[in-house]
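# Examination of the molecular architecture
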Amino acid sequence: MKINGSAIRAGNIIEVDGRIFRVMKHNIVSPGKGGAFNQIELRDVKTGTKTNMKFRSDEQAEQLRVEEKEMQYL
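Described in the following lines is the structure provided in the data block.

About the criteria used
Residues numbered from 1 in each chain as written. Predicted model: local features only at pLDDT ≥ 70, side-chain atom pairs only at ≥ 80, totals over all residues. Heavy atoms only, no water. Helix = DSSP H or I, 4+ residues; strand = E, 2+ residues; numbered from the N terminus. Core = buried A, V, L, I, M, F, W, Y, C linked by side-chain atoms within 4.5 Å. Buried < 20%, exposed > 50% of the residue type's maximum accessible area, 1.4 Å probe, protein only. Contact = heavy atoms within 4.5 Å. Pairing = 2+ DSSP bridges. Axes fitted to C-alpha atoms, helices over the stretch in contact; angles between N-to-C directions.

### Some details on unusual backbone geometry
Look at Asp17: it is not a glycine, yet its phi comes out positive at around 55 degrees. Among the secondary structure elements, Asp17 is positioned in the loop between strand 2 (13-16) and strand 3 (19-29).

### Examining the nonpolar core
By size, the foremost hydrophobic cluster in this structure holds 10 residues: Ile3, Ile8, Ile14, Val16, Phe21, Val23, Ile40, Leu42, Phe55 and Ala61. In this structure, Leu42 is in contact with Ile14, Phe21, Arg22, Val23, Met24, Thr49, Lys50, Thr51 and Met53, ignoring residues within four places of it in sequence.

### Focus: the sheet that holds strand 3
Read from one edge of the open sheet, six strands run 1-6-2-3-4-5, paired in antiparallel fashion. A strand with exactly one partner marks an edge of an open sheet, and here the two such strands are strand 1 (2-4) and strand 5 (50-56). Neighbour to neighbour, the strand axes of the sheet diverge by 45 degrees on average, direction disregarded. Relative to strand 6 (residues 60-63), strand 2 is paired through two bridges, and the arrangement is antiparallel. Residue pairing for strand 6: Ile14 is matched across the bridge by Gln63.

### Quick notes on the environment of Lys69
By the element assignment, Lys69 lies in the segment after strand 6. Its relative accessible area of 69% is what places Lys69 among the exposed residues. Put simply, Lys69 and Lys25 are 44 residues apart on the chain and 24 Å apart in space, counted from C-alpha to C-alpha.

### Concerning the pairing of strand 4 (residues 37-44)
On a regular strand, each side chain points to the face opposite its neighbour's, so the side chains alternate between the two faces of the sheet. With six of its eight residues buried, strand 4 lies for the most part within the structure. In this structure, strand 3 lies alongside strand 4, joined through eight bridges in antiparallel fashion. Looking at the pairing, Lys25 lines up with Glu41 of strand 4. In terms of strand pairing, strand 4 meets strand 5 through seven bridges, oriented antiparallel. Pairing of Arg43 across the sheet is with Lys50, part of strand 5.

What follows is the structure in structure tokens.
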């Protein structure tokens, strides 16, 4: 489901440009000139690399639903 850039919070799993990220930190920044944006620290689920992105409130990202299940392989 699509969510606004201002609704992204720590712990969310989002998809941006075909890559899946876990949101580590978020900070809402409102500069003196221009509109506010959400500064987000992301960790790539596959590679583990960290990146920073900025999302304005009118931009959208795909929020993914992830379920973790403990399993035992025999």
